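Okay, here's what each chain looks like letter by letter:
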Amino acid sequence: MLVDASGLASDLSPTAPARTVGYAAPPAWDGSDVHCCNSLATVHRDLRGGATTTRETDMSRRQISVLAAVASVAVMMAVAPDARAAGVRADITAGAQRGPTITALPLPPGETSGDIISAAGPWAVGLLTDDALHQHVAIWRSEGTRWSVRDLGDFGISSPNSGLSATGVNARGQVAIGINTGAGMGGWMFDGATVHQLVDFAGGTDAYARAINANGEIVGEALDETGNDFAAVWRHWWSPPMALAPTAGFDGSYAQGVDSRGEVVGGSFSNGPAPTLPVVWGRDGTPRILPDLGMGGDLFDRNDLGRTVGQVFTASGSEAAVWDHGRLRDLGVFSDDTFSRAIGVGETGEVVGFAGTRPSSGIPLRQLVFWPGFGPTRSLLPLDLDWQDNAYAHAIVGDTVFGTSMASHGTKERPTVWTHAFAQSFVPRANARPATAPRVVFASAGAR
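Note that the structure is predicted; figures quoted are calculated from it, not measured.

## Observations regarding the overall build of the chain
Then step 1. Per the secondary structure count, the chain includes three helices and 33 strands.
Then step 2. Counting all 448 residues of the chain, 60% fall into the buried class.
Then step 3. The contacts in the chain between residues at least 6 apart in sequence include a share of 52% that link residues at least 24 apart.
Then step 4. Here the chain has roughly 16,000 Å² of accessible surface; of this, 55% comes from carbon and sulfur atoms.

Below, the structure written as structure tokens:
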């Protein structure tokens, strides 16, 4: 083990690329105070169904090459723990966990908002944002009735609203991390002690990690030697990526989810007028197109039962969709909304996502989508219990939903966990409220 001038430990074992960087040892938690409010709606671009339109970012993403290479080099030198990486411990009283709760997870000092993008086992991961809109990678861990948060920093990417985030986690605590915006392109895997950078098809660093499965297989996309963008699978972080070809007649592909069997979901896109198509790739890389409503679609997640979720495109926007063994179910949109997306699916089939509008001016409205696997599409309230304020969901584990929501009207959004989700869900109608009122909990700090 060698240490470079930046103080980072570099793993130079024969099977590991020299670009790997990481922490010699995680710093201790400091038990600092957490303050609960002041958060914002951060629009993170192209992040597992973030607040962008259907595939409007495709062309701009494929044009990132030189900028991404420069950003990736900067990242190798900058992923070091700082004072804020110490993290914070949160105390949530046991009494608050006995019924349905909506819990705002803790934020490290200096961070004022956040979002949970993925969850598995005791882990939840996503991003943190400060008042200057700088984004950091975040890892939360549940220990009984306590939550802790760890700030992994900005990976040397200081642009506001950079899009940097943890994008996936498995029960072993392995975390996929990625960025693919104008601020740069890069993909990493954090194993709890070391950050490992992924390679692209040409051996460079133009690779984006979107998800990770229970076996540590990572999916996303990468550039080839000519700058073309294709879906990619890394069987191990040190492996060269396996390209997932687009369907016949299409120009590129991208991957957004992977089940424990290694089956991958995403889309095939065209540089011409053809719509993006929802695609599942088998473990051998063979693509299979799923049905849509005639205008295309794409896929975000898939569970081990074969239930796949995503969106189908319509004349007015897009609609959340579920596929079971190739059969399409359109979850529709809420009244007055123009689009919806199904982003995550649980192992027993529950589906989460968000819906909303895209106003020509002002802040877009986002409302949480929850479908228990039967009956009409339902929703959950944000932290402030006002359904007209923003709430997103990206993941569900058992009957617990993970995402972000507003703590009070017009404020920034807090990383949010909804427990006993079905009990507190409701079908949005005039004056509709949950049958079981949830208890709102703001995580208080407490040293352990």
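Picking up where we left off.
## Thoughts on the packing of aromatic side chains
Then step 1. This model, assessed by the stated rule, comprises eight aromatic pairs.
Then step 2. Seen in terms of ring centroids, W237 and W238 are 5.5 Å apart; in terms of plane orientation they differ by 90°. Their pairing is edge-to-face.
Then step 3. Judged by relative accessible area, W237 falls into the buried class, the value being 11%.
Then step 4. Look at F374 and F422: their rings are 5.8 Å apart centre to centre, the planes differ by 50°, and that puts the pair in the tilted class.

## Structural notes on the sheet that holds strand β30 (residues 400-406)
In any sheet, the strands associate via hydrogen bonds between backbone groups, in a parallel or an antiparallel arrangement.
Then step 1. In space, the five strands of this open sheet follow the order β29-β30-β31-β5-β32, with mixed pairing throughout. Only two strands of the sheet have a single neighbouring strand rather than two, namely β29 (391-397) and β32 (439-442). Each adjacent strand pair in this sheet contributes to an overall mean axis angle of 25°, direction not counted.
Then step 2. Note: strand β5 (residues 101-104) against β32, four bridges, orientation parallel. Across the sheet, I102 pairs through a bridge with V440, a residue of β32.

## Notes on the sheet that holds strand β21 (residues 287-289)
Then step 1. The four strands are arranged β18-β19-β20-β21 in an open sheet whose pairing can be described as antiparallel. The open sheet terminates on both sides in strands that have one partner only, identified here as β18 (252-258) and β21. Here the strands of the sheet are splayed against their neighbours by 35° on average, with no regard to which way each runs.
Then step 2. Pairing of β18 with strand β19 (residues 264-269) involves six bridges; the strand directions are antiparallel. If you follow S253 over to β19, its bridge partner there is S268.

## Here we look at the pattern of salt bridges
Then step 1. In total, this model carries nine salt bridges according to the counting rule given.
Then step 2. Two residues, K412 and D131, come together in a salt bridge whose shortest N-O distance is 2.3 Å. Of this pair, K412 sits in the loop between β30 and β31 (413-418) while D131 sits in the loop between β7 (123-129) and β8 (135-143), placing them 281 residues apart in sequence.
Then step 3. Of the charged contacts in the structure, one is a salt bridge between R210 and E221, with a shortest N-O distance of 2.7 Å. Of this pair, R210 sits in strand β14 (residues 207-212) while E221 is found in strand β15 (residues 218-223), placing the two residues eleven residues apart along the sequence. Here R210 matches E221 in class, with each residue buried.

## Structural notes on the environment of R150
Then step 1. Relative to the helices and strands, R150 is located in strand β9 (residues 146-153).
Then step 2. Residue R150 is classed as buried on the basis of its relative accessible area of 10%.

## Observations concerning the nonpolar core
Then step 1. In terms of nonpolar packing, the biggest core is built from 20 residues, with V352, L368, F370, L380, V401 and W418 touching the most fellow members.
Then step 2. Counting residues per element, the ones that place at least two in this core are β5, β27 (351-356), β28 (366-371) and β29.
Then step 3. Those residues within four positions of L368 in sequence are excluded, and the remaining contacts are F334, G353, F354, R378, S379, L380, A391, Y392, A393, V401 and W418.
Then step 4. Core analysis: the next-biggest nonpolar cluster, separate from the first, contains 18 residues, W123, I139, I177 and F190 among them.

## Re the pairing of strand β24 (residues 317-324)
Then step 1. The buried fraction of β24 is high, at seven of eight residues.
Then step 2. As judged from the eight bridges shared by strand β23 (residues 307-314) and β24, these two strands associate in the antiparallel manner. Note that in β24 the partner of V312 across the bridge is E319.
Then step 3. Two successive antiparallel strands, β23 and β24, enclose a turn made up of two residues.
Then step 4. For β24 and strand β25 (residues 327-332), the ladder comprises five bridges, and the chain directions are antiparallel. Bridge pairing links A321 to D330 in β25.
Then step 5. The turn joining β24 and β25, which pair antiparallel and follow one another in sequence, is formed by two residues; a positive phi near 50° is taken by H325.

Cut-offs used in this document
- Residues numbered from 1 in each chain as written.
- Predicted model: local features only at pLDDT ≥ 70, side-chain atom pairs only at ≥ 80, totals over all residues.
- Heavy atoms only, no water.
- Helix = DSSP H or I, 4+ residues; strand = E, 2+ residues; numbered from the N terminus.
- Buried < 20%, exposed > 50% of the residue type's maximum accessible area, 1.4 Å probe, protein only.
- Contact = heavy atoms within 4.5 Å.
- Areas by Shrake-Rupley, 256 points an atom, 1.4 Å probe, with all protein chains shown as cover.
- Phe/Tyr/Trp six-rings, centres within 6.5 Å; stacked < 30°, edge-to-face > 60°.
- Pairing = 2+ DSSP bridges.
- Axes fitted to C-alpha atoms, helices over the stretch in contact; angles between N-to-C directions.
- Salt bridge = Lys/Arg side-chain N within 4 Å of Asp/Glu carboxyl O.
- Core = buried A, V, L, I, M, F, W, Y, C linked by side-chain atoms within 4.5 Å.

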